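# An overview of the molecular structure
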Amino acid sequence: MELSTYDLAATAMGYSFLSPEVFAAMKVSLPVLQKEYGFSKMYAWGKLKGMSADYIIAVGVSHSLKEATKKYFYCSDGASWAQMAEPDSETAAACAKIPQVAALTGDAQFVYTVSKMVPEGEEPPENEEDLLLKITEDVRAACLVKEIDAAIAMVPVGSISTDAKLGVPVPDSTFAGLSKEASLSLASWELLNGMSATQQLAGSLKAKYVPAASLTVLRSLVWPGFAAFCVPGSRVSGYAYVGDGMQNSDVAFCLP
Amino acid sequence: MESALVAAKAKLLKADSSGVSLHDHLSSVLDKIIVEDSDNALAMFEQISLAVKQQHVVPRKEYLQAVPEPAPAALVAKRDVLRAKPELPEEVEFPNVPEENSFFEGAGHALLRDEAFLLRAAMAKLVAAKGLRTVRFFGKVLGTEADYWIVEGAYAEEPEAAEDEGGAAAADAKLVPLEGNGTGTNKFRYWVCNELGEEWVELPPAKPAAIVAARSIKKHFTGRLSTPIVVHPPFPGSEADYLRAQVARILHSTYVAPGGMFSFEEDSEDEPKPIVPTEEWEAPLPEEMGELSAWVHHYSTIRKVGRTTKPPKAEEEDGEEGGEEEEEEEEEADHLLNDLSADPPIFESDDTPVPAWSVRTAGHGAYAVAYALSTAWPGAIAFCSTKPSVKFANVYIGYGLENTGKTFTPKPMPEIAREPDDVGEEEDTPLDAENAVLKELEEKRMVEEAEAEEADAE
């Protein structure tokens with residue numbers, strides 16, 4: 001979400017998830033970060049909860065959230081941002097082997113040790129130590145953020161279109177927002193990879209309208225802590241994630 | 001000539017889609033002008049015509065947009081709650097909701113600021129309407145269709161009807177009896193609503209069977225109290241009972257207080273001993289509160305049976321069974337006033353263990369605030385601020401589900417009952433033998449009657 005729509009995001013989430021201290025810091029630090037990196041826009045992405053501290057995540061884009069080259073940043077105080085690692089597929093696969101239940105510690109330098117995958121047809125190395133891969137928590141956090149963003153982050157259909165000249169996704173200037181009825185239909189929402197939100201596990205993504213805030217809210221049960229929102233009849237929309245970074249693998253049992 | 005006139009008149013008399021002809025309209029307009037006797041009829045002609053037209057024209061829907069929609073009922077209800085400002089008796093323990101919320105905000109786990117003020121007004125309305133002695137914001141449980149706002153409280157005077165309810169439920173002797181009002185898991189009552197401003201609905205009392213069943217399921221809340229809970233093993237009750245069970249489990253597992261602030265009442269003869277505020281207690285420094293050992297549990301563990309205390313002794317018939325159970329129960333430890341470092345971790349591992357709690361501090365120096373966050377019940381959080389005076393509070397904002405540290409495994413289905421063994425055939429009793437037995441019984445009865453008659457005669 002854009003930081004200016006924080007109250008809407010908090011309403012969608014069900015609670016206020018940025019402390020006033022962090023929020024105040026982000027108000028000044030995000031515009032600075034945007035200038036330093038030359039982004040067209042900075043978004044507050046959400047928060048990965050850790051044991052001793054949380055990772056506040058922001059994302060900067062050149063054109064729109066759909067572009068592949070957007071950059072993620074993290075910090076714990078809302079001010080001291082660091083760019084997140086860009087893990088390759090091997091690292092991502094190794095990260096996936098860290099037990100789900102192992103909560104983030106909150107220490108970016110914490111080291112996880114996982115065993116490497118040996119590609120088929122290759123001899124495993126003689127030295128067992130060579131099989132072990134060390135992953136620091138900032139890399140793990142980067143993997144989780146990327147995974148969540150790819151798996152569930154969504155925008156209203158039509159809000160981002162491909163620019164004919166540049167060939168990249170850009171905000172659609174003709175997009176006038178969704179009507180209330182349309183915003184409550186999953187068909188009006190698409191994931192950042194272009195997949196329709198209707199392809200989510202049936203019943204795991206629910207849209208509801210909050211009359212007191214004139215807001216349409218979508219929450220995912222597969223990724224508890226993910227919420228998207230839009231103000232029907234306006235261009236205002238966004239999403240945020242606040243959670244431990246874990247997918248709810250028990251979701252099939254949990255659906256009411 | 002005449003036919004042309006007829007044709008023209010027929011044209012004027014032709015009704016349009018709304019059933020009115022130009023002839024009718026003009027007649028009505030002229031009628032209105034004459035009746036109202038207007039001086040400037042010519043200048044007003046268009047307005048008069050329009051006014052007449054509006055009487056018989058059915059407007060099309062798309063022209064209706066100018067009519068404002070009524071304000072959303074939810075907003076009106078909220079405004080009315082904020083307007084009410086009921087007078088509360090001084091003895092009511094009423095928390096400073098917005099202040100507590102501002103402490104929780106520091107941990108990034110709080111209500112929105114405007115919601116906190118609205119909540120205070122809604123709680124005041126509840127206290128005034130029900131005559132409560134104490135009230136506290138328990139928290140928010142997020143549902144798929146709506147969220148629950150949950151308020152905890154106790155009546156100044158118990159309403160009579162409520163006691164009957166408990167009695168009826170306890171009447172089923174097979175079930176473990178509920179804990180009485182004001183004790184154990186039923187120490188408080190709970191009221192819920194989906195949107196602040198709505199009527200508060202009281203939850204049923206906590207039932208041991210529901211608490212036991214809730215431990216073995218993992219189900220999201222919908223936000224509708226009457227939703228049936230479709231699970232295996234079957235859950236006794238609707239979502240209201242499930243919510244009440246989870247509230248009890250959350251309260252007893254995660255409500256924590258600064259260590260030393262409360263102690264057992266040594267003189268009490270009750271078992272377990274009740275806890276009371278310690279008389280001479282020095283508040284710890286904020287950095288001391290940043291340790292797990294500085295926080296203690298404030299409510300007893302809920303036992304396996306679904307109560308905080310052992311159920312009252314069973315009837316003599318099954319005395320033996322009762323005895324065995326009792327021995328088992330002896331082993332269940334109570335975490336009341338134990339510090340949090342004693343809680344078992346939810347995940348054990350050499351390099352990445354996950355303790356049941358994490359603590360952190362925010363702010364600076366003496367005015368720092370310490371927080372304890374539960375990992376077992378994500379969303380349960382407590383704060384403690386020691387300057388200028390000691391303040392602490394607990395709140396829960398989450399999905400109402402426990403983090404067991406394991407993948408959920410549903411209980412296996414019971415084995416399908418097999419066909420019973422065939423019952424062996426028995427030979428028919430011959431009629432003679434049957435008659436002989438009946439005759440004997442009849443004769444015996446007649447003899448007894450005769451003897452009784454003789455005795456009466458004497």
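Preceding block: the structure.
The structure contained in this document is the topic of the report that follows.

Basis of the calculations
- Residues numbered from 1 in each chain as written.
- Chains lettered and ligands numbered in written order.
- Predicted model: local features only at pLDDT ≥ 70, side-chain atom pairs only at ≥ 80, totals over all residues.
- Heavy atoms only, no water.
- 1 Å grid on protein atoms, 1.4 Å probe; cavity = no way out; pocket = protein on both sides within 12 Å on 5 of 7 lines; lining within 4 Å.
- Points joined across faces, edges and corners; volume = space filled by probe spheres on them.
- Helix = DSSP H or I, 4+ residues; strand = E, 2+ residues; numbered from the N terminus.
- Buried < 20%, exposed > 50% of the residue type's maximum accessible area, 1.4 Å probe, protein only.
- Contact = heavy atoms within 4.5 Å.
- Buried area = accessible area lost by both parts, 1.4 Å probe.
- Salt bridge = Lys/Arg side-chain N within 4 Å of Asp/Glu carboxyl O.
- Polar contact = N/O pair within 3.5 Å; in protein donor to acceptor, adjacent residues only side chain to side chain.
- Nonpolar A, V, L, I, M, F, W, Y, C, P; charged D, E, K, R; others polar.
- Pairing = 2+ DSSP bridges.
- Axes fitted to C-alpha atoms, helices over the stretch in contact; angles between N-to-C directions.
- Parallel < 35°, antiparallel > 145°, perpendicular 65-115°, else oblique.
- Left-handed = near helix turned anticlockwise from the far one by under 90°.
- Phe/Tyr/Trp six-rings, centres within 6.5 Å; stacked < 30°, edge-to-face > 60°.
- Lys NZ or Arg CZ within 6 Å of the ring centre and 35° of its normal.

With that out of the way, let us pick up the layout of surface pockets. Which parts of space are left empty comes out when a probe the size of a water molecule is rolled across the atoms. All names here are of chain B. Estimated volume of the second largest pocket: approximately 1200 Å³. If you go around the second largest pocket, you meet 43 residues; those closest to its centre are Lys 187, Phe 188, Ile 275, His 298 and Tyr 299. Secondary-structure elements contributing two or more residues to the lining of the second largest pocket are strand E1 (132-141), strand E2 (148-155), strand E7 (275-277) and strand E12 (391-398).

What follows concerns the side chain of His 298 of chain B. Residue and element names in this part refer to chain B. For His 298, the location among the structural elements is in the loop between strand E8 (295-297) and helix H11 (319-330). The class for His 298 is buried, based on a relative accessible area of 11%. Apart from residues lying up to four places away in sequence, His 298 is in contact with Tyr 255, Val 256, Ala 257, Phe 262, Ile 275 and Leu 336.

What follows deals with the interface of chain B and chain A. Taken together, the contact between chain B and chain A spans 41 residues of the former and 42 residues of the latter. Note on chain B versus chain A: buried area summed over both sides is about 3300 Å², and carbon and sulfur give 59% of it. It is Leu 112, His 220 and Arg 360 of chain B that lose the most area in chain B upon contact with chain A, and together they represent 17% of the buried surface on that side. Where chain B touches chain A, the interface holds four salt bridges. The partner of Lys 218 of chain B in a salt bridge is Asp 250 of chain A, with the nearest N and O atoms 2.8 Å apart. Joining chain B to chain A, the criterion identifies 13 residue pairs in polar contact (both at pLDDT 80 or more). Where the side of chain B that touches chain A is concerned, the elements lending two or more residues are helix H4 (73-84) and strand E9 (357-362) of chain B. The residue inventory of the side of chain B that touches chain A, partitioned by class, reads 17 nonpolar, 12 polar and 12 charged.

This part covers the pairing of strand E11 (residues 380-385) of chain B. All names here are of chain B. With six of its six residues buried, E11 lies for the most part within the structure. Side chains Ala 380, Ala 382 and Cys 384 project from E11 onto one buried face, and the interleaved Ile 381, Phe 383 and Ser 385 project onto a second face that is buried too. Across five bridges, the pairing between strand E10 (residues 369-374) and E11 is antiparallel. Residue pairing in the sheet places Val 369 in a bridge with Ser 385 of E11.

This part covers the sheet that holds strand E12 (residues 215-220) of chain A. All names here are of chain A. A sheet is described by the order of its strands in space; here eight strands give the open sequence E4-E3-E2-E1-E14-E13-E12-E11, paired in mixed fashion. Where the open sheet ends on each side, the last strands, each with one partner, are strand E4 (82-83) and strand E11 (205-210). Taken together, the two bridges between strand E3 (residues 71-75) and E4 define a ladder with antiparallel strand orientation. If you follow Tyr 74 over to E4, its bridge partner there is Ala 82.

Residues and elements named next belong to chain B. The sheet built from eight strands is open, its strands ordered E4-E3-E2-E1-E12-E11-E10-E9 with mixed pairing. The outermost strands of the open sheet, each flanked by one partner alone, are strand E4 (201-202) and E9. Where strand E3 (residues 189-193) and E4 come together, two bridges link them in antiparallel fashion. When the bridges of E4 are listed, Trp 191 appears paired with Glu 202. Most of the contacts of helix H6 (residues 113-130) go to E1, to which it runs at about 140 degrees, and overall it touches E1, E2 and E3.

The subject of this paragraph is the packing of H4 of chain B against H6 of chain B. Residues and elements named next belong to chain B. Put simply, H4 and H6 touch, their axes get as near as 9 Å, and they point 70 degrees apart. Taken together, the axes of H4 and H6 are roughly perpendicular relative to one another. Between H4 and H6 lies a crossing of left-handed hand. Counting all contacts with H4, which are made through Lys 78, Val 81 and Leu 82, the residues of H6 involved are Phe 117, Leu 118, Ala 121, Ala 122 and Lys 125. A per-class count over the contact of H4 with H6 returns six nonpolar, no polar and two charged.

Let's shift gears to helix H8 (residues 208-215) of chain B. Turning to H8 of chain B, its buried residues are Pro 208, Ala 210, Ile 211, Ala 213 and Ala 214 of chain B. On the buried face of H8 of chain B, the contacting elements are helix H9 (239-254) of chain B.

Attention shifts here to the packing of aromatic side chains. Any aromatic ring pair is given by two values, namely how distant the centres are and how the planes are angled relative to each other. Under the definition given, this model contains 23 aromatic pairs over all chains. The rings of Phe 188, Tyr 255, Phe 262, Tyr 299 and Phe 392 of chain B are connected pair by pair, giving a single aromatic cluster. It is Lys 180 of chain A that lies over the ring of Tyr 209 of chain A; its NZ or CZ is 4.4 Å from the centre.

Quick look at unusual backbone geometry now. Between His 232 of chain B and the following residue, Pro 233 of chain B, the backbone shows a cis peptide bond with an omega angle of -5 degrees. You can see Pro 233 of chain B is positioned in the loop between H8 and H9. Across the junction of Lys 387 of chain B and Pro 388 of chain B, the peptide omega takes the value -5 degrees, indicating a cis bond. For Pro 388 of chain B, the position within the fold is in the loop between E11 and E12. Backbone geometry places Ser 214 of chain A, a non-glycine residue, at a positive phi of 50 degrees. Topologically, Ser 214 of chain A is positioned in the loop between E11 and E12. Judged by relative accessible area, Ser 214 of chain A falls into the partly exposed class, the value being 35%. In this structure, Lys 85 of chain B is a non-glycine residue whose phi angle is positive, near 45 degrees. Position of Lys 85 of chain B relative to the elements: it lies in the loop between H4 and helix H5 (97-105).

Residue and element names in this part refer to chain B. Under the definition given, this model contains four cavities of 30 Å³ or more. One number sums up the size of the largest cavity: a volume of about 100 Å³. Lining of the largest cavity is provided by Val 97, Glu 100, Asn 101, Phe 104, His 109, Ala 110, Leu 111, Leu 119, Phe 137, Asn 394, Val 395 and Ile 397. Going through the elements one at a time, H5 and E12 are the ones with two or more residues in the lining of the largest cavity. Ranked by residues supplied to the lining of the largest cavity, first place goes to H5 with four residues. As a volume, the second largest cavity reaches approximately 80 Å³. Together, Arg 136, Phe 138, Ile 250, Leu 251, Thr 254, Tyr 255, Ala 380, Ile 381, Asn 394, Val 395 and Tyr 396 line the second largest cavity. Counting only elements with at least two residues in the lining of the second largest cavity, the list comes to E1, H9, E11 and E12.

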